[in-house]
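# Fold and contact review
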Amino acid sequence: MDWIQRMNEAIGYMEAHLTEEIDYAEAARIACCSVYHFQRMFPYITDVSLSEYIRRRRLTLAAYELQNSDIKVISLALKYGYESPEAFARAFQNMHGTTPTAARQAGTKLKAYPRIFFQFSMRGAAEMNYRIEEMKGFSIVGFQKQIRTQQAYEDVPLLWKDAHAEGIFDKLWNYRQDDHPIRGILGVCADGDYGKNEDFDYIMSVVSQHTPPDPMVQRHVPAATWAVFEMEGDPSGIADMWKRLYTEWVPSHAYDLAPIPAIECYLPPDENKNELWIPVIRKA
């Protein structure tokens, strides 16, 4: 239940700062996870991206103020973080279907998005096959791409499709460390240092001790405890496993998510399974 409490406290922090610059890193700290995991898990749990939730809440409060005060539109725009009254009016129109000026009139229909509160509910009728692994630090080499978190499941499959067409998998395989427990071609989801843009680095890679040539990159993954989830069938099951990880496994197990890159491990087709490697730490 402490996971639910932490998520509600993170929401509380954002609600208290809707008229200010919201620090995603602080919200993630309150939730006891990395910025990457916080931004990624949010749409899985709420069906709306973090930035969209904040936008809706600000425009909900703005509509209330328009109907219950004499505040000027330009002041309201600045209060909720818009650079100009025009930008505010466009966002307001897109959400409410009317202008800020018209919203002052009695009888105007507006939309309201209430604050989110998380509650615990029993789920998980379907089994989740996993194991816990203790792993020393290791290095990966591969090709890195900046991805928008909220578009990950649209952009990442296209990235893999292009990589296959360009023969990138063969290049990666030549660098692979044969004797490492994490096998196959990896999709490594690492934090990007991009502030509020909700981006992360996605690295198509292999475990390797070699120093790669440009434009390939090398990353070191520190020693960690890993929860390893197995999925039979084609790689599309990875997306469903991510959602079940955030909504079923994390709230009900004795581990929190560690601030280390998560790994999607795509095994050879003849094995008919893939793995999701999630770094974890035991809850206090």
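Residues numbered from 1 in each chain as written. Predicted model: local features only at pLDDT ≥ 70, side-chain atom pairs only at ≥ 80, totals over all residues. Heavy atoms only, no water.

Once their charged atoms are close, side chains differing in charge can pair, the charge on each being opposite to the other. Within this structure, the stated rule accounts for 15 salt bridges. Put simply, Arg 57 and Glu 15 hold a salt bridge, and the shortest N to O gap is 2.8 Å. Linking Arg 57 in helix α4 (residues 50–68) with Glu 15 in helix α1 (residues 2–16), this pair joins segments that are 42 residues apart in sequence. Here Glu 15 falls in the buried class, since its relative accessible area comes to 17%. In this structure, Asp 178 engages Arg 176 in a salt bridge whose closest nitrogen and oxygen atoms are separated by 3.1 Å. (Salt bridge = Lys/Arg side-chain N within 4 Å of Asp/Glu carboxyl O. Helix = DSSP H or I, 4+ residues; strand = E, 2+ residues; numbered from the N terminus. Buried < 20%, exposed > 50% of the residue type's maximum accessible area, 1.4 Å probe, protein only.)

As a further point, take empty space enclosed by the protein. Counted under the stated rule, the structure contains one cavity of 30 Å³ or more. Approximately 40 Å³ is the volume found for the largest cavity. At the level of elements, α1 and β7 (255–257) are the ones that each hand at least two residues to the lining of the largest cavity. Among the residues making up the lining of the largest cavity, the classes are represented as seven nonpolar, no polar and two charged. No fewer than three residues from each of domain 1 (3–104) and domain 2 (130–282) sit in the lining of the largest cavity. (1 Å grid on protein atoms, 1.4 Å probe; cavity = no way out; pocket = protein on both sides within 12 Å on 5 of 7 lines; lining within 4 Å. Points joined across faces, edges and corners; volume = space filled by probe spheres on them. Nonpolar A, V, L, I, M, F, W, Y, C, P; charged D, E, K, R; others polar. Domains from an automatic or database assignment.)

This part takes up the domain arrangement of the protein chain. For the protein chain, the assigned domains read domain 1 (3–104) and domain 2 (130–282). On a C-alpha basis, the centres of domain 1 and domain 2 stand 31 Å from each other. Contacts between the two partners involve 20 residues from domain 1 and, on the opposite side, 22 residues from domain 2. Approximately 2,000 Å² of surface area, both sides summed, lies buried where domain 1 meets domain 2, with 58% of it carried by carbon and sulfur atoms. If you sort the residues of domain 1 by the area they bury against domain 2, Tyr 36, Arg 40 and Tyr 44 come out on top, with a joint share of 37%. (Contact = heavy atoms within 4.5 Å. Buried area = accessible area lost by both parts, 1.4 Å probe.)

Below, the discussion takes up the UniProt feature "domain: HTH araC/xylS-type" (unreviewed entry) in the protein chain. In the numbering used here, UniProt assigns the feature "domain: HTH araC/xylS-type" (unreviewed entry) to residues 8–106. Counting secondary structure, residues 8–106 comes out at 71% helix and 0% strand; the distance between its end C-alpha atoms is 34 Å. (UniProt positions renumbered as here; feature names shortened; annotations may be inferred.)

This brings us to the pairing of strand β6 (residues 224–232). Most of β6 is tucked away, with seven of its nine residues classed as buried. Direction of pairing for strand β1 (residues 130–135) relative to β6: antiparallel, over a ladder of six bridges. Following the sheet pairing, Glu 134 is matched in β6 by Thr 225. Judged from the eight bridges that link them, β6 and strand β9 (residues 273–282) form a sheet pairing that is antiparallel. Directly across from Glu 232, in β9, lies its bridge partner Lys 273. (Pairing = 2+ DSSP bridges.)

Glancing now at α4. For α4, which comprises 19 residues, the first-to-last C-alpha distance of 27 Å matches the rise-based estimate of 27 Å (1.5 Å per residue) to within 8%. Listed in full, the buried residues belonging to α4 are Leu 50, Tyr 53, Ile 54, Arg 57, Arg 58, Leu 59, Thr 60, Ala 62, Ala 63, Glu 65 and Leu 66. Where α4 is buried, its residues touch α1, α2 (24–30), α3 (35–46), α5 (73–79), α6 (85–96) and α7 (100–103). (Expected span 1.5 Å × (residues − 1).)

Considering only enclosed or pocket space, the largest pocket measures out at about 600 Å³ in volume. Residue lining of the largest pocket: 26 residues in total, with Trp 160, Phe 169, Pro 235, Tyr 266 and Asn 274 positioned closest to the centre. Only α8 (152–165), α9 (168–173), α10 (237–252), β8 (262–266) and β9 provide two or more residues apiece to the lining of the largest pocket. Of the residues in the lining of the largest pocket, the class split is 16 nonpolar, five polar and five charged.

This part takes up the packing of aromatic side chains. Tallying each qualifying case throughout the model produces 15 aromatic pairs. Both rings, one in Phe 38 and one in Phe 42, keep their centres 6.2 Å apart while their planes meet at 55°; by these two values the pair is tilted. Of this pair, Phe 38 and Phe 42 both sit in helix α3, four residues apart, which is roughly one turn of the helix. Side by side, Phe 38 and Phe 42 carry an identical accessibility label, which is buried. Their ring planes at 70° and their centres at 6.1 Å tell us that Trp 226 and Trp 277 sit as a pair that is edge-to-face. Residue Trp 226 is found in strand β6, and its partner Trp 277 is found in strand β9; the two are separated by 51 residues along the sequence. (Phe/Tyr/Trp six-rings, centres within 6.5 Å; stacked < 30°, edge-to-face > 60°.)

A separate point is the confidence of the model for the protein chain. Per-residue confidence for the protein chain gives a mean pLDDT of 87, with 94% of residues at or over 70. Confidence drops under a pLDDT of 50 for residues 193–197, and excluding neighbours within four residues, the segment shows eight contacts in the predicted structure. (pLDDT = per-residue confidence, 0-100.)

What follows covers unusual backbone geometry. Note the cis peptide between Asp 214 and Pro 215, where omega equals 5°. As for its placement among the helices and strands, Pro 215 is situated in the loop between β4 (199–207) and β5 (217–221). One non-glycine residue with positive phi stands out, namely Asp 47, at about 65°. Locating Asp 47 in the fold gives a position in the loop between α3 and α4. For Asn 272, which is not a glycine, the phi torsion comes out positive at approximately 55°. Tracing the chain through its elements places Asn 272 in the loop between β8 and β9.

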